[in-house]
Amino acid sequence: MTGSTGGGATVIALDVGGAYITAGVTAEGGSLRSTERRPTRIDRGPEAVLDTVLDCAADLAERFGSAAAGLTVPGIVDERTGMAEFAADLGWCRLPVRQRLAERLGIPVALGHDVRAGGMAEARAGAGRGIHYFLYLTVGSGIRATVMLDGQALTGTGGGDGELGHIVVRPGGEPCECGGRGCLEAYASAAGIGLRYAKATGENGVTARLVQERAAGGDQVAAEIWGEAVDTLADALSIAAGLLDPERVVIGGEPTLVGDRYFVPLRAAVAERLRYRPAPAIVPAELGDDAGCRGPAMLAQDLLGREVLP
């Protein structure tokens, strides 16, 4: 089922993560018309995950109509061929996702990398508006980044750039899911913060945000873990700033939701490490819960020759 192909066509947007599929539809003119989340359920296997994505998109198309669809996934993505080369979180390997979705819906489909698309959304409609050159990163189950230049993500040769979380910040330190030790993700990701607190206290299910709240309330274990998260991220950002010289660093994700309690010490720690040069501005992402859908929606609208408006 297709929607209007005139100015401001309706498009479907899906952001597929290891835990949830965030799906939405943009109204004519570009604003989000409807959003919802469905469990990814990766335990069922890669084909079942893809079937869930296809069913979700088809359901939205049936209910709302659409002229195009945009889909973003983690891992190594080849936007040119529409292939999910490797997405460990989803169990996907060399999966022709764009082709499968286009065949199911009968409309043009764009496939993108979730962080690169998120950076594009912030460049056009968020904290990167008007910024020529900035670093965008997300702090969630992992820590990934992309460099944005004039609204476009700079990509590497293999489509898997931006794994900032696997910079080694504590050699020989905490084990990481990548197989290494001392990676940034093990200390500063939302998952890493929660896991370190669980290991130290035996209490499972504590989120990064709650760890910070307990730290502020006098919990010494929480304070140590939160402080190390900020310090290790400052180490990584000072390296990135020295190499890339961005005008701004835009950060989104769960730990950033505590606002100044996250950003004030992080800015101070980065500035302390960059005494030889001015530190870049470090700011929170602005799109919040909409970010997951805004990026793929923009990719879909670009297929139709226009951008989603803020």
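Cut-offs used in this document
Residues numbered from 1 in each chain as written. Predicted model: local features only at pLDDT ≥ 70, side-chain atom pairs only at ≥ 80, totals over all residues. Heavy atoms only, no water. Helix = DSSP H or I, 4+ residues; strand = E, 2+ residues; numbered from the N terminus. Rg over C-alpha atoms; globule rule 2.2 N^0.38 Å. Contact = heavy atoms within 4.5 Å. Disulfide = S-S within 2.5 Å. Buried < 20%, exposed > 50% of the residue type's maximum accessible area, 1.4 Å probe, protein only. Pairing = 2+ DSSP bridges. Axes fitted to C-alpha atoms, helices over the stretch in contact; angles between N-to-C directions. 1 Å grid on protein atoms, 1.4 Å probe; cavity = no way out; pocket = protein on both sides within 12 Å on 5 of 7 lines; lining within 4 Å. Points joined across faces, edges and corners; volume = space filled by probe spheres on them. Nonpolar A, V, L, I, M, F, W, Y, C, P; charged D, E, K, R; others polar. Salt bridge = Lys/Arg side-chain N within 4 Å of Asp/Glu carboxyl O.

**Student:** Help me out: how do you make sense of the overall build of the protein in this one?
**Tutor:** Within the protein, the regular secondary structure consists of 9 helices and 13 strands. In summary, the protein has a C-alpha radius of gyration of 19 Å against a globular reference of 19 Å for 310 residues, a match within 12%. Taken along its principal axes, the extent of the C-alpha atoms in the protein is 55 × 40 × 35 Å. Restricting the contact set of the protein to residue pairs at least 6 apart, pairs at least 24 apart contribute 60%.

**Student:** I tried to follow the state of the cysteines on my own but got confused; where do I start?
**Tutor:** As used here, a disulfide is simply a covalent bond connecting the sulfur atoms of two cysteines. This structure, assessed with the given rule, holds 0 disulfides. The structure places no disulfide on C56, whose sulfur is separated from the nearest cysteine sulfur, that of C293, by 9.2 Å. Its sulfur unpaired, C183 is 3.7 Å from the next cysteine sulfur, which belongs to C178. By relative accessible area, C183 is classed as buried at 2%.

**Student:** Would you take a moment to explain the sheet that holds strand β12 (residues 248–253) for this structure?
**Tutor:** Strands belonging to one sheet form pairs held by backbone hydrogen bonds; the direction of such a pair is parallel or antiparallel. Strand order in the open sheet formed by 5 strands is β11-β10-β9-β12-β13, with mixed pairing between adjacent strands. At either end of the open sheet lies a strand with only one pairing partner, and these are β11 (152–154) and β13 (281–284). Between one strand axis and the next, the sheet turns through 30° on average, direction left out of account. Here helix α7 (residues 220–244) sits on the sheet and contacts β9 (133–139), β10 (143–149), β12 and β13; the angle it forms with β9, its principal contact strand, is near 155°.

**Student:** What is the right way to look at the sheet that holds strand β1 (residues 11–16) in this model?
**Tutor:** The strand order across the open sheet built from 5 strands is β3-β2-β1-β4-β8, with neighbouring strands paired in mixed fashion. Taken across any chain shown, the strands that pair with only one partner, and hence form the sheet edges, are β3 (32–39) and β8 (109–113). Ignoring strand direction, the axes of neighbouring strands in this sheet form an average angle of 15°. Bridge count for strand β4 (residues 68–73) against β8 is 5 bridges, and the pairing is parallel.

**Student:** I'm lost on the layout of surface pockets in this one. Help?
**Tutor:** Regions of empty space are outlined by a rolling probe, equal in size to a water molecule, passed over the atoms. Roughly 300 Å³ of internal volume is contained in the second largest pocket. Those elements giving two or more residues to the lining of the second largest pocket turn out to be β8, α3 (114–125), β11 and α9 (291–303). Counted by class, the lining of the second largest pocket contains 7 nonpolar, 4 polar and 5 charged residues.

**Student:** Sorry, what's going on with the pattern of salt bridges here?
**Tutor:** Pairs can form between side chains of opposite charge whenever their charged atoms are close. Taken as a whole and judged by the stated rule, the model has 22 salt bridges. Here D55 and R104 are joined by a salt bridge, their closest N and O atoms 2.9 Å apart. Here R104 lies in helix α2 (residues 97–105) and D55 lies in helix α1 (residues 46–64), a separation of 49 residues in the sequence. Residue D55 is classed as partly exposed on the basis of its relative accessible area of 38%. A salt bridge links K199 to E174, with the nearest nitrogen and oxygen atoms 3.0 Å apart. With K199 in helix α5 (residues 190–201) and E174 in the loop between β11 and α4 (184–188), this residue pair connects regions lying 25 residues apart in the sequence.

Purely geometric stuff here, so don't read any function into it on its own.
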